[in-house]
Amino acid sequence: MGEGRQSIPASRMAQEMCKNAKNASVLRTLISFLFLSLTWASEPVQATSSHGGYGVPRIIEHPESLVVAKGDPATLNCKALGNPYPKITWFRDGVEVTTSSQDPHNHRVIFPSGSLFFLSIKQGKKESDAGVYTCVATNFNGRATSRNATLTIAVLREEFRVAPSDVTATSGERAQLMCSPPRGHPPPELTWSRNGHEIDPEEEPERVQILEDGTLVIKEVLQTDEGEYVCHASNPAGRRSSPPAILDVIVAPFWVKAPRDVVGVAGGEAELSCRVGGDPPPAVTWRRVGGHIPVARMRMVMDRGLRVSHLRPQDAGVYVCNAANRAATISANASLTIYSAPKVSEVPGDVEVEEGAPLHLSCAVEGYPTPLVYWTREGSQKVLPVTRTPLEPTEGQEEEEEGIEGVRISYSVPRVAHYHSGRYVCGGVNSAGGVMTRVGVRVRPTPLLPPPIISVPPSNQTLPARGHAGLTCRVWGSPEPKVTWRHRGKVITSTKRREILPDNTLSISELVEDDGGEYVCVASSPRGVTEARATLVVTPPSNLEVVFVRAPDPDTAPGPPDTPTVTSVNASAATLLWDIPSRQGASPVTGYSVEYYSSMEGSWKVATAHIARTTYTLSPIDRAVRYGVTVRAHNSHGVSEPSGIAEVSGSMGWEKSGEEEASVREAKVILQEAVFSGAASAKLLWQMSGESNTVEGFYIRLHHVSRDQHQPSHLVSSEGEKNKVKETDIQAETKLENFTVVTVVNAGRGASSYVLHGLHHYRSYTVFLVPFFKMYEGHPSNSRSFLTPEAAPSASPQGVSVQLTNVTTASLFWSPPPPLHRNGIITDYQIDMVTSSGEVFLSKTVNGTVTSLRVHNLTLGNSYHLTLAASTSAGRGPFTPPISLHVDPVLLHPLAKSGTSLASLDGEVWVIGMIGGAVFCVLLGCVATLLIWRRHARNKALSHVAVSVQKVDNLGFGLVSGDSGLWQDYAGWQLEKLCANSDSAMGGTSGTRTTTENDVKVMNTSESVVECDNAAPRSLVTFYRGPTTTEGPYATTALLGPHSLPHQPVKSPKDAHRASDGGASEQLSLGHPKNQSDRYFIQTGRKLYDA
């Protein structure tokens, strides 16, 4: 040890301390003191030896300020170096501290290292260890003083100034637990615990906070926050805990399963959910807006929902569920919609109607929502066009029927035909189900009147020039056909050389080579048109290389076969049988030809041109069409006249129901789901029930309208299920063009599905299924609806045109794309306009409601090309083909504005000038030709007038047959004065007679006077006055019709033809039956008319 340092045995010091120990704090420091005392003897030696070269003391460890609780031990550290080893002395507030080295009973001890150790901090009125301490190191070389160190005695009172109290808070609201800690020094730190677990605000800093005053704030109370809360205050003097406080969290009512809109079917039941949570459990009540709850048919279920049974349409309405507890009251509405399955309220019975009469089928179907009603013919996939009218509510309507809506649809045929016979189905569907009813239609056939029949057609002939030709064309039919002849495409009219005889034979005399060619005999009537062709060749008589061929003798051809008999017929073919003709002709019969016509067509067709047998099978035939069949016999000399007509017909009405039809009626189809699955497709899922063994497949019928026409707000249930169908229908007009039918072969039990492809975009679809077996249809399923999304237009705008307004402005017009190709709402149009050099002149977007645009600042002489495209919210559609515009003043002419043809010339002025010049030349030539022709005609007419015309006072005269000096309607004068008041007939010879005041006398070239016959109307004509006439500027006379000429005994054209042909009239009549009663029209064994 160093000099001057008093040594105290450690064992003695411990004994003194134990004797003087008066509290537990001294005993707790004993072990620490014993450990530190073991180092006293060695530390100075080590310090001295290691620093023996030092002189003046130097503090190497300064004391640090301390905060110590009363009664706790404490140490103020201080170390110094020096040679000799310095002595450490401690001062408090400038006064030297008394230690155990001075007073063995003192609680302060200086360690050999110089540190001041307090066995137990004291704090009292008489003595207190609190203060500012410094240590001083001294030796004979000097002294060193440490920095000040403050010893503070911590204090913490026992009682909290504000203790937390119980709090009741509502879940989701703000809760505060107040706490003010006990007084103390230094100020105590405050913490909270819940159910014994310390709360760390850092875990939920936004929700849980501890304010500066110690208040615990929970901003959004959760039910898990409920529990026992304790406030804790702590500082070096100790830790204090408040009495516990209970946080009671009341949970306001909340929806576990909130009420949702429900759709029920009349007669069934519906359940309105109302499952709620909360603490305490809420009380649930139900009420109906504007009405009474059907208590007798209502009961509460376990989850406090409302179940209504035996639903009626009047149960529909808005129901309100209320849930309340101490925290809050909540309520929610649920709409109950009652759908009524369709039912047929009006249906006609089986109908029988005469062919050609109108047919009207009407059917009314009621239900809710308004059913989609349709007419179809059983066995046909087509939906018939109908007219649709809503049903008006009837007076005295029963309460159960309130809210039911009805639709009446009518299918009409102005003129019913045989093929309209059959069974028709009236069906109605909505989301609640489907219904159908059948109506039988029987069309009573009228006599099967065939198109005109050419019994003896013209034959090919080769004849010499300047000879005579007779082309025979005998026809018969009802009504009587009209016969015309055509030669080289032109209709032939009777002349002196070419005459059409009463039996429709074309007689040509004085043949010339120009008469050769193809002749067509055309027989027409309201039933149709029949043609027969023959070729006439005219050659010089001196041509020895040609064999002249005249028309064959009809007697050489076979006679007509008997009327064919139908031996068998089915839905696709008919077999006919006939006997050989009774008259063979000049040679044996070599075969037969079969001709037929149908009630759907108006002309004869050749089924087979030659067949050796006397039987033939006509195939294929339509069971809904009637056919007429006739047979001709052939031999080497010609063809016979046709036989009688045999009628071939399919089913004349509807077939009786069979077991298959009855079984398919028992099959029930429930369409469970119809979901749009993207890529213009939708998936259908259905379930079969009932008898399904005979179901061969299903007709999937779709009806679609634009979403702009009808888009119910409740069609989509939620954003998450926007493509899923709810229980609703699209109430749209039934349009034939909006119906699509898909046939699916899918028989059997169990659920089935099908994916529809090729759907239109931006449409509202209604779909339902109809089971079928062969041609029989079952009950339709319920319907489901879905929406297809928007897409870019699939077609460009229509009717695009451009027109110059002036030399710097043009107007552009267009219309939207076709409805099925718009694929959404047209939002805008993109208009691009480039010059001929490819520079962009205009690129503009206009609103989708605009259909015209005016373009300005055009340059004269420039050409532009315009394109246009429509856009929806889903994208832009295709552009139109480029439209050319040339800024040319010529295009401003009204004629140029009337069309786009001039604009298409793209401004080629020389082309426009050439067209204009050509048109002018053509017009000039026409005018010149007309003037020359009129002048020539006038001169030619005047050359026949050799006498002057006498002016008379009265009009009305006749002309003798020899007068040829007058012509009609000269110079365009058409007069209305007619010969009148004459009772005498025309005389047979030229001469004079006494005239009345109403007669007009005129001199003819024979100096004779002719008189007017008032029985015939005449035109009055003005004659040109010759140069020698002095009586007046003109004379007026009347021209006679051919019937006014004197009667001459002239042979009729028919007699003349027969006389000139040397008995040919007998030959022309060959081929007709000798007895007119031998020809019959065959139907149901009765005679219709004679041929």
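Going by the structure above, here's the rest.
Read on for a plain summary of the structure. Bear in mind the structure is a predicted one, so any value in this text is a computation, not a measurement.

Comments concerning the overall build of the chain
Each helix and strand counted, the chain has nine helices and 74 strands in total. Counting all 1091 residues of the chain, 43% fall into the buried class. Here the chain has roughly 56500 Å² of accessible surface; of this, 52% comes from carbon and sulfur atoms.

Some words on the state of the cysteines
Throughout the structure, instances matching the rule amount to five disulfides. Here C78 engages in a disulfide with C135; their sulfurs sit 1.8 Å apart. Between C78 and C135 the disulfide shows an S-S torsion of about 60°. By sign, it is right-handed. Separated by 57 residues along the polypeptide, C78 in the loop between β3 (74-76) and β4 (79-81) and C135 in strand β9 (residues 131-139) bring together distant segments of the chain.

Section: the pattern of salt bridges
Going through the model one piece at a time under the given rule, you end up with 24 salt bridges. Here R408 and E346 are joined by a salt bridge, their closest N and O atoms 2.7 Å apart. One end of the pair, R408, is in strand β34 (residues 405-413); the other, E346, is in strand β29 (residues 329-346), with 62 residues separating them in the sequence. According to the relative accessible area criterion, E346 is partly exposed, its value standing at 34%. Connected through salt bridges with shared partners, the residues R486, E518, E531 and R533 form a single ionic network.

Some words on the sheet that holds strand β43 (residues 498-500)
Remark on secondary structure: sheet strands pair via backbone hydrogen bonds, oriented parallel or antiparallel. A sheet is described by the order of its strands in space; here three strands give the open sequence β39-β44-β43, paired in antiparallel fashion. What marks the edges here is a single partner per strand, and that holds for β39 (469-471) and β43. The mean angle between the axes of side-by-side strands here comes to 15°, regardless of whether they run parallel or antiparallel. Bridge count for β39 against strand β44 (residues 506-508) is three bridges, and the pairing is antiparallel. Pairing of G470 across the sheet is with S507, part of β44.

Observations regarding unusual backbone geometry
Cis geometry marks the peptide bond from Y368 to P369; its omega dihedral reads 0°. Counting through the fold element by element, P369 comes out in the loop between β31 (359-368) and β32 (372-377). At the junction of S619 and P620, the peptide bond is cis and its omega measures out at -5° in the coordinates. On the secondary structure map, P620 appears in the loop between β51 (615-618) and β52 (626-635). Phi is positive for Y762, close to 55°, though the residue is something other than glycine. For Y762, the location among the structural elements is in the loop between β59 (751-756) and β60 (763-773).

Some points on the pairing of β60
The element β60 is largely enclosed, with a buried count of eleven among its eleven residues. Of the two faces of β60, the one lined by R763, Y765, V767, L769, P771 and F773 and the one lined by S764, T766, F768, V770 and F772 are each fully buried. Looking at chain direction, strand β57 (residues 697-706) and β60 are connected through ten bridges and run antiparallel. Along β60, the bridge assignment pairs F698 with P771. When β60 meets strand β62 (residues 784-787), the two strands line up antiparallel, connected through four bridges. Residue pairing across strands places T766 opposite S785, the latter belonging to β62. Bridging between β60 and strand β61 (residues 776-777) involves two bridges; their strand directions are antiparallel.

The rules behind each value
- Residues numbered from 1 in each chain as written.
- Predicted model: local features only at pLDDT ≥ 70, side-chain atom pairs only at ≥ 80, totals over all residues.
- Heavy atoms only, no water.
- Helix = DSSP H or I, 4+ residues; strand = E, 2+ residues; numbered from the N terminus.
- Buried < 20%, exposed > 50% of the residue type's maximum accessible area, 1.4 Å probe, protein only.
- Areas by Shrake-Rupley, 256 points an atom, 1.4 Å probe, with all protein chains shown as cover.
- Disulfide = S-S within 2.5 Å.
- Salt bridge = Lys/Arg side-chain N within 4 Å of Asp/Glu carboxyl O.
- Pairing = 2+ DSSP bridges.
- Axes fitted to C-alpha atoms, helices over the stretch in contact; angles between N-to-C directions.

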